[in-house]
Amino acid sequence: MKISLTVNGAQRAFDVHPGDTLLEVLRREGYKGVKKGCGAGDCGACAVLLDGRAVNSCLVLAGKADGSEVLTIEGLSKDGALHPLQEAFLDEGAVQCGYCTPGMIIASLDLLTHHPDPNEEEIREGIAGNLCRCTGYTKELRAIQAAAEKMREARHG
Amino acid sequence: MGLPSVKEFVRPGTLDEALELLRERGERAWPIGGGIDLVLFAPREVETVVDLGRLPLRYVRENEGRISIGAIATLREVLESPVVRDYLGGVIPEMLHQVASPLLRNLATIGGTLVSANPWSDVITLFLALGADVVLSDGKTRTIPLEKLYPARALRATILTEVRLPSSARESAAAFWKFSRTAFDVALLNCATFVRMVGGRCVEARVVAGGTPQLGARLPRAEACLVGSGLDDSSIERAAEAARESADVREDRRASADYRRELVLVGVKRSLHEARGRLAGGER
């Protein structure tokens, strides 16, 4: 079957098997920043924004995304400039092996888009579906707080 | 490939169209809301996926205090809806914050959750305590208590279109309690309680325990300890004790039956104290 998606702002048409997941389609089409971890919705490595909300792309059937907007980690930087979340993850050393990072940043983007000024508990809940086995979450927490501040400043000038 | 047996993915725009597809394709067709359980537990015989995501069932509404939630509303949409924010002291968002992760709540639908009937479901435990009804359609529409929905697998060519919550009467309160190993894990056990008071006496009570590890079920013996009482400490104690004795707890790989029995006692007691506190706090 054919589906059309807007991926990172670009209109794309894909030929997919009706049983494909969105994760499989995206990786096959070269969006390798979307990671396959558990394949069962537990780890969050495959998170993408689907019409503005972060989901586990391993659990979304591709047909369900037909006509939707998808944002992957590849679509976050603008004109070569990193997104404040990406910068903050680098600055705070919130990346070790890096496998969870794309999903973690996508989940954080959903959080900060809808809750620009989250407290620590809200941040922890915001990334509750994203497993990181390296860092212990403290550095991600700091990175998300720093990014939230930058994004608020950018918004208010 | 996610689901190799699937040959067809269809997205009907109307309920009639969706029902027609389910009737035509029979057991090889599978309706989905978010589709999570289909991907996770894919039965081999599924050839047609009927995505209900385009049906006009994505809403959370209030009418004279009664709340109607369309089957396609995601858990996230319900969680963030101003309509449920203050219902019975905010017990619905309180519960939903504890369900899975934001990623999964963005995908999971209320209808899918109720029909999938995963035994650890927090939503089902609370909605049973709230006295929810569900609207089913197989061409004709009928409304039944949520309790009568199970076992849901018996549904054939039928779509759950809406869940309804009764108007929250004055002097009523509810609370939800969950115990799990991590914030993200499914419940080792969950409890929900609802009480309605008239003139300081409890006239209606529902006590539910779920993830026992069976699906949430009411505990009539515990409820009987509350009705007629003033919800004093000793009647709460008796109800919790009755819940422990009467809950059908069993062992699975997550916990032993003995451990769960103690969890029922603690969960029912804490949930009832919380509900009583909400009454005292003047919340409706």
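Thresholds, definitions, all that
Residues numbered from 1 in each chain as written. Chains lettered and ligands numbered in written order. Predicted model: local features only at pLDDT ≥ 70, side-chain atom pairs only at ≥ 80, totals over all residues. Heavy atoms only, no water. Helix = DSSP H or I, 4+ residues; strand = E, 2+ residues; numbered from the N terminus. Rg over C-alpha atoms; globule rule 2.2 N^0.38 Å. Contact = heavy atoms within 4.5 Å. Areas by Shrake-Rupley, 256 points an atom, 1.4 Å probe, with all protein chains shown as cover. Lys, Arg positive; Asp, Glu negative; His and termini not counted. Charge placed at Lys NZ, Arg CZ, Asp CG, Glu CD. Expected span 1.5 Å × (residues − 1). Buried < 20%, exposed > 50% of the residue type's maximum accessible area, 1.4 Å probe, protein only. Arc of directions from axis to C-beta. Buried area = accessible area lost by both parts, 1.4 Å probe. Salt bridge = Lys/Arg side-chain N within 4 Å of Asp/Glu carboxyl O. Domains from an automatic or database assignment. Polar contact = N/O pair within 3.5 Å; in protein donor to acceptor, adjacent residues only side chain to side chain. Nonpolar A, V, L, I, M, F, W, Y, C, P; charged D, E, K, R; others polar. Pairing = 2+ DSSP bridges.

Colleague: Whenever I open this one, the overall build of chain B confuses me. Can you help?
Modeller: Secondary structure summary: chain B contains eleven helices and twelve strands in total. For 284 residues, the compact-globule formula gives about 19 Å, and the C-alpha radius of gyration of chain B, at 19 Å, lands near that figure. By principal-axis analysis of the C-alpha atoms, chain B measures approximately 60 × 45 × 30 Å. Contacts spanning at least 24 positions in sequence make up 61% of the contacts within chain B whose residues lie at least 6 apart. Working note: accessible area of chain B is about 12200 Å², and carbon and sulfur atoms make up 48% of it. Taking the 39 positively charged and 37 negatively charged side chains of chain B as two groups, their mean positions are separated by 1 Å.

Colleague: Honestly, helix 5 (residues 138-156) of chain A in this entry has me stumped. Any pointers?
Modeller: Owing to its 3.6 residues per turn, the α-helix aligns residues three or four sequence positions apart on the same side. All names here are of chain A. With 19 residues, helix 5 ought to run about 27 Å at 1.5 Å a step, and its terminal C-alpha atoms sit 27 Å apart, in line with that. By the burial criterion, the buried members of helix 5 are Glu140, Leu141, Ala143, Ile144, Ala147, Ala148 and Met151. The buried residues of helix 5 occupy an angular sector of 160° when projected down its axis, which confines them to one face. Facing away from the buried side of helix 5 by more than 90 degrees, the exposed set consists of Glu153 and His156.

Colleague: Looking at this structure, how should I read the interface of chain A and chain B?
Modeller: Many authors give the size of an interface as the accessible area that is lost as the parts come together. Taken together, the 32 residues of chain A in the interface contact 32 residues of chain B. Counting the surface lost from both chain A and chain B, the interface buries some 2400 Å², and carbon and sulfur atoms represent 60% of this. The largest contributions to the chain A side of the interface with chain B come from Leu59, Lys64 and Glu125 of chain A, which together make up 27% of the buried area. At the surface where chain A touches chain B, the tally comes to four salt bridges.

Colleague: Explain the domain arrangement of chain A to me, please; I cannot follow it from the model alone.
Modeller: Residue and element names in this part refer to chain A. Per the domain assignment, the segments of chain A are domain 1 (2-75) and domain 2 (84-156). Using only C-alpha atoms to locate each centre, domain 1 and domain 2 end up separated by 21 Å. With 17 residues of domain 1 in contact, the opposing surface of domain 2 contributes 13 residues. Buried surface at the junction of domain 1 and domain 2, summed over both partners, amounts to about 1200 Å²; 62% is from carbon and sulfur atoms. Looking only at domain 1, the three residues that lose the most surface to domain 2 are Lys35, Arg53 and Ile73, adding up to 36% of its buried area. At the junction of domain 1 and domain 2, the tally comes to one salt bridge. Its salt-bridge partner being Arg53, residue Asp110 comes within 3.2 Å of it at the nearest N-O pair. Taken together, the links from domain 1 to domain 2 amount to six residue pairs in polar contact (both at pLDDT 80 or more). Where the side of domain 1 that touches domain 2 is concerned, the elements lending two or more residues are strand 3 (47-50) and strand 4 (53-56). In terms of residue count, strand 3 provides more of the side of domain 1 that touches domain 2 than any other element does, three residues in total. Split by residue class, the side of domain 1 that touches domain 2 holds eight nonpolar, five polar and four charged.

Colleague: Explanation requested: the environment of Leu188 of chain B in the structure shown.
Modeller: All names here are of chain B. Position of Leu188 relative to the elements: it lies in the loop between strand 9 (172-179) and strand 10 (189-198). Remark: the alpha-carbon pair of Leu188 and Ala255, spanning 67 residues in sequence, is separated by 6.8 Å. Other than its neighbours up to four places away in sequence, Leu188 contacts Phe179, Ser180, Arg181, Gly211, Arg254, Ala255, Tyr259, Arg260 and Leu263.

Colleague: Which parts of the structure should I look at to understand the side chain of Glu223 of chain B?
Modeller: Residues and elements named next belong to chain B. With respect to the helices, strands and loops of the structure, Glu223 is situated in helix 9 (residues 220-226). In this structure Glu223 comes out as buried when scored by relative accessible area, which is 7%. Ignoring anything within four residues of it in the chain, the contact list for Glu223 reads Ala205, Arg206, Val207 and Arg218.

Colleague: When you look at helix 11 (residues 257-280) of chain B in this model, what are you seeing that I'm missing?
Modeller: Residues and elements named next belong to chain B. Between its terminal C-alpha atoms helix 11 stretches 35 Å, which fits the 34 Å expected from 24 residues at 1.5 Å a residue. The set of residues buried in helix 11 consists of Ala257, Arg260, Leu263, Val264, Leu265, Gly267, Val268, Ser271, Leu272, Ala275, Arg278 and Leu279. Close packing links the buried residues of helix 11 with helix 5 (91-96), strand 9, strand 10, strand 11 (201-210), helix 9 and helix 10 (233-246).

Colleague: What am I meant to see in the pairing of strand 11 of chain B here?
Modeller: The side chains of a regular strand alternate between the sheet's two faces. Residues and elements named next belong to chain B. Most of strand 11 is tucked away: seven of the ten residues are buried. Pairing analysis gives nine bridges linking strand 10 to strand 11, with the strands arranged antiparallel. Within strand 11, the residue paired with Asn190 across the bridge is Gly210. As consecutive antiparallel partners, strand 10 and strand 11 are separated by two residues, and within that stretch Gly199 has a phi angle of approximately 55°, a positive value. Pairing of strand 11 with strand 12 (residues 217-218) involves two bridges; the strand directions are antiparallel. If you follow Val208 over to strand 12, its bridge partner there is Arg218. Between strand 11 and strand 12, which pair antiparallel and follow one another directly, the connecting turn spans six residues, one of which, Gly211, has a positive phi of 65°.

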